[in-house]
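Chain and residue survey
The primary structure of each chain is shown beneath.
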Amino acid sequence: MKALLIARRELAGYLRTLSGYIILAAILALNGLFFNAFALGKAAERSATVLSNFFYYSSGFTIVASVFISMRLLAEERQAGTLSLLYSSPLRDRDIVLGKYLAGLIFLALYLACTLYMPLLILVHGKVSVGHIFAGYLGLLLLGSASLAVGTFGSALARNQVMAAILTAVMLVALILCWLVARIAEQPLANVFSAMSLWNQHFPPFQAGLVHLRDVAYYLVLTYAALFGATRVLEARRWR
């Protein structure tokens, strides 16, 4: 319940400030341009391929959106000097982290909901499977959830929002590039790095309209691990 109250307060902060709408509008505009140029522009391809291309490009924008949404979650409190007020309140560290994260996740879900018109445009000249749309958006939400959790961890570590964005971007790029390390590493490390890859190993099935339990589990475990790390950072700072 306390986490939900924090989430409500944080979400209201996003919706009351201009920065939240700027982030939403800018990424939506770029996503729309890429969709028109690289997905709808290939009219000769099958509708399923166009939809797959949409999820391919949208996955990148979802990660970028997660970086910008998460950078303020905890770093802003520390930068403004209001983190001590949260520490002095009757809130547990996990409530603070979870509440902030839920606010960011709701805002991210709002962004994804605003992109729904793009795959629906494919219906004008073709036919798409509802299951494919559902699987793709489930993948985007899980990918965004994990990226946002990593961003929450980065925001907990950073002193300001810019540093939080940089730390988050570095961690996410490292996770994305794990598949390259897997190609040059020997077994069993190759399998380990391959399994750790944020995008290459786990998102393509969603992009193709398939839902595998192992991919869902990966994103959920990464989300939990990152939020657990953020909670431990807050606990360490509370007793410092």
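My aim in this report is to walk through the structure given alongside it, one point at a time.

1. Re the overall build of the protein chain
Across its full length, the protein chain carries 13 helices and 0 strands. Ordered by position from the N terminus, the helices and strands of the protein chain form the series α-α-α-α-α-α-α-α-α-α-α-α-α. Projected onto its principal axes, the C-alpha positions of the protein chain cover 60 × 50 × 30 Å. A burial count over the protein chain gives 48% of its 240 residues as buried.

2. A word on the pattern of salt bridges
The full count for this structure, using the stated rule, is 8 salt bridges. The partner of Glu-77 in a salt bridge is Arg-9, and the shortest N-O contact between them spans 3.4 Å. Here Arg-9 lies in helix 1 (residues 2-16) and Glu-77 lies in helix 4 (residues 75-80), a separation of 68 residues in the sequence. Residue Glu-77 is classed as buried on the basis of its relative accessible area, which comes to 6%. Put simply, Glu-235 and Arg-232 hold a salt bridge, and the shortest N to O gap is 2.9 Å. A residue pair is termed a helical-turn pair when its members lie 3 or 4 positions apart in one helix, as Glu-235 and Arg-232 do in helix 13 (residues 213-238) at 3 residues. Under the relative-accessibility criterion, Glu-235 is labelled partly exposed at 28%. A relative accessible area of 40% means that Arg-232 is categorised as partly exposed. Ionic contacts of the salt-bridge type, sharing partners, join the residues Arg-9, Glu-10, Arg-72, Glu-76, Glu-77 and Lys-100 into one network.

3. Some details on helix 9 (residues 161-176)
Between the first and last C-alpha of helix 9 there are 22 Å, a value that for 16 residues agrees with the 22 Å anticipated at 1.5 Å per step. Taken residue by residue, helix 9 has Ala-164, Ala-165, Thr-168, Leu-172 and Leu-175 as its buried positions. Viewed end-on, helix 9 has its buried residues packed into an arc of 95°, placing them on one side of the element. For helix 9, the exposed residues lying more than 90 degrees away from the buried face are Val-162 and Val-170. Against helix 3 (47-70), helix 4, helix 8 (130-157), helix 10 (178-184), helix 11 (189-196) and helix 13 lie the buried residues of helix 9. The backbone nitrogen of Val-162 lies 3.2 Å from a side-chain oxygen of the residue at the head of helix 9, namely Asn-160.

4. Description of helix 3
At 3.6 residues per turn, the α-helix brings residues three or four places apart onto the same side. Here helix 3 is 24 residues long and its end C-alpha atoms lie 34 Å apart, about the 34 Å a rise of 1.5 Å per residue gives. In terms of burial, helix 3 is largely enclosed, as 18 of its 24 residues are buried.

5. Quick word on the packing of helix 6 (residues 93-114) against helix 13
Contact pair helix 6 / helix 13: the axes reach a minimum separation of 9 Å and the direction vectors enclose 130°. Taken together, the axes of helix 6 and helix 13 are oblique relative to one another. Crossing hand, helix 6 versus helix 13: right-handed. For the pair helix 6 and helix 13, the contacting residues are Asp-93, Arg-94, Ile-96, Val-97 and Tyr-101 in the first and Thr-223, Leu-227, Ala-230, Thr-231, Leu-234, Glu-235 and Arg-238 in the second. Partitioning the contact of helix 6 with helix 13 into residue classes produces 6 nonpolar, 2 polar and 4 charged.

6. Observations concerning unusual backbone geometry
Put simply, Gln-187 and Pro-188 share a cis peptide bond, and its omega is 5°. Its place among the elements puts Pro-188 in the loop between helix 10 and helix 11.

7. Brief notes about the side chain of Thr-168
Within the secondary structure, Thr-168 sits in helix 9. Among residues more than four places away in sequence, those in contact with Thr-168 are Val-67, Ser-70, Val-150, Gly-151 and Gly-154.

8. As for the packing of helix 3 against helix 8
Viewed as axis vectors pointing N to C, helix 3 and helix 8 meet at an angle of 20°, and their least axial separation amounts to 8 Å. As summarised for this structure, helix 3 and helix 8 are arranged roughly parallel, according to the angle between their axes. Remark: the crossing between helix 3 and helix 8 carries right-handed chirality. On the side of helix 3, the interface is formed by Ala-48, Leu-51, Ser-52, Phe-54, Phe-55, Ser-58, Ser-59, Thr-62, Ile-63, Ser-66, Ile-69 and Ser-70, while helix 8 contributes His-132, Ile-133, Gly-136, Tyr-137, Leu-140, Leu-143, Gly-144, Ser-147, Leu-148, Gly-151, Thr-152 and Ser-155.

Calculation rules
- Residues numbered from 1 in each chain as written.
- Predicted model: local features only at pLDDT ≥ 70, side-chain atom pairs only at ≥ 80, totals over all residues.
- Heavy atoms only, no water.
- Helix = DSSP H or I, 4+ residues; strand = E, 2+ residues; numbered from the N terminus.
- Buried < 20%, exposed > 50% of the residue type's maximum accessible area, 1.4 Å probe, protein only.
- Salt bridge = Lys/Arg side-chain N within 4 Å of Asp/Glu carboxyl O.
- Expected span 1.5 Å × (residues − 1).
- Arc of directions from axis to C-beta.
- Contact = heavy atoms within 4.5 Å.
- Polar contact = N/O pair within 3.5 Å; in protein donor to acceptor, adjacent residues only side chain to side chain.
- Axes fitted to C-alpha atoms, helices over the stretch in contact; angles between N-to-C directions.
- Parallel < 35°, antiparallel > 145°, perpendicular 65-115°, else oblique.
- Left-handed = near helix turned anticlockwise from the far one by under 90°.
- Nonpolar A, V, L, I, M, F, W, Y, C, P; charged D, E, K, R; others polar.

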